[in-house]
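# A look at the structure
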Amino acid sequence: MQSVKPKKFLGQHFLKDLGIAKAIADTVDSVPGLPVLEVGPGMGVLTQFLIPKERKLKVVELDFESVEYLRKNYPQLEDDIIEDDFLKMHLENLFEGQPFVLTGNYPYNISSQIFFKMLEHKDQIPCCTGMIQKEVAERLAAKPGNKTYGILSILIQAWYDVEYLFTVHENVFNPPPKVKSAVIRMKRNQTTDLGCDEALFKQVVKTTFNQRRKTLRNSIKPIIGKDSPLLTLDIMNKRPEQLSVQEFIELTNQVAETLS
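Scope of this entry: the structure provided in the associated data block. (Residues numbered from 1 in each chain as written. Predicted model: local features only at pLDDT ≥ 70, side-chain atom pairs only at ≥ 80, totals over all residues. Heavy atoms only, no water.)

## A short note on the pattern of salt bridges
- Taken as a whole, this structure holds 14 salt bridges when the rule is applied.
- Salt-bridge contacts for Glu 163 lead to Arg 185; the nearest nitrogen and oxygen are separated by 3.0 Å. Highlighted residues: Glu 163 in strand E7 (residues 160–168) and Arg 185 in strand E9 (residues 181–188), separated in sequence by 22 residues.
- Residue Glu 163 is classed as partly exposed on the basis of its relative accessible area of 32%.
- Note that Lys 238 and Glu 247 form a salt bridge whose closest N and O atoms lie 3.5 Å from each other.
- Take Lys 238: its relative accessible area is 30%, and that puts it in the partly exposed class. (Salt bridge = Lys/Arg side-chain N within 4 Å of Asp/Glu carboxyl O. Helix = DSSP H or I, 4+ residues; strand = E, 2+ residues; numbered from the N terminus. Buried < 20%, exposed > 50% of the residue type's maximum accessible area, 1.4 Å probe, protein only.)

Written out as structure tokens, the structure is:
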């Protein structure tokens with residue numbers, strides 16, 4: 001078998017530029033020593049640069065044709081090729097419970113879901129790097145006041161420092177995607193406890209951003225009701241994209257106090 005045919009239903013776009021592939025693989029070097037899990041290796045364009053790093057490497061691939069290709073061309077990975085859906089995997093004992101770095105040329109149609117799974121295992125994943133759709137990368141790294149700042153920005157930045165590393169153009173893929181791509185790196189920040197109810201924090205963030213054009217006074221009413229004294233606070237004149245992560249944490253505590 002010479003190569004793998006990209007499958008549209010899996011969102012496969014195979015990177016052809018080896019210089020870019022090496023640059024993506026090298027993003028894991030900022031957290032030395034830890035094992036690495038690569039998601040969606042395809043024909044191993046990143047894998048070939050991860051193998052020489054002399055750290056434990058596992059790859060997870062859903063496409064049976066790609067798995068066959070990897071087994072044939074990377075025999076040294078035979079016991080470390082996982083044929084599975086990353087979103088359904090149990091990560092707790094993947095490297096005998098040891099923390100690991102997550103990387104990959106992620107399928108664009110599920111990249112947000114991949115990062116939400118990362119959040120569920122944030123104590124196990126101190127660093128996540130890789131390539132995603134440029135628009136999603138901008139959203140992840142956006143700061144308050146930016147039109148791309150939203151739910152994903154806040155939920156990720158509460159726990160990770162996000163770096164937008166570089167842009168990748170369409171012409172280095174087979175087939176070329178209709179959008180530009182970008183490489184990002186997310187490293188766990190110093191936060192060990194948000195200092196608020198996490199479930200309520202998510203609810204406040206999601207509820208207010210679902211009506212992002214409205215001020216908080218209008219968008220937060222489904223949670224606190226239309227007669228809550230909280231509605232008189234100055235912060236209620238702001239729109240959700242104007243609030244920092246810390247301000248959302250403070251707002252969550254005020255909401256919790258009101259509800260109790």
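## Topic: the pairing of strand E6 (residues 127–133)
- Within E6, 7 of the 7 residues are buried, which leaves it mostly tucked inside the rest of the structure.
- Relative to E6, strand E5 (residues 101–104) runs parallel, the two being bridged by 2 bridges. Bridged to Leu 102 within E6 is Cys 128.
- The β-α-β motif built from E5, the intervening helix H4 (residues 111–120) and the parallel element E6 has right-handed crossover chirality.
- In this structure, E6 lies alongside E9, joined through 7 bridges in antiparallel fashion. Of the residues in E9, the one forming a bridge with Cys 128 is Met 186. (Pairing = 2+ DSSP bridges. Right-handed = clockwise from strand over helix to strand, strands pointing away.)

## With respect to unusual backbone geometry
- The phi angle at Glu 54 is positive, at roughly 55°, despite the residue not being glycine.
- Summarising the element assignment, Glu 54 is placed in the loop between helix H2 (47–50) and strand E3 (57–61).
- With relative accessibility at 77%, the residue Glu 54 sits in the exposed group.
- For Glu 96, which is not glycine, the phi dihedral falls at a positive 55°.
- Note on placement: Glu 96 falls in the loop between strand E4 (81–83) and E5.
- Taking the relative accessible area as the measure of exposure, Glu 96 reaches 80% and is therefore exposed.

## Considering helix H1 (residues 18–25)
- Among all positions in H1, only Ile 20, Ala 21, Ile 24 and Ala 25 are buried. One side of H1 carries all its buried residues, which in axial view fall inside an arc of 140°.
- Where H1 is buried, its residues contact strand E1 (14–15), H2, E6, E7 and E9.
- Between the side-chain oxygen at the start of H1 and the backbone nitrogen of Gly 19 there is a gap of 2.9 Å, and the oxygen is on Asp 17. (Arc of directions from axis to C-beta. Contact = heavy atoms within 4.5 Å. Polar contact = N/O pair within 3.5 Å; in protein donor to acceptor, adjacent residues only side chain to side chain.)

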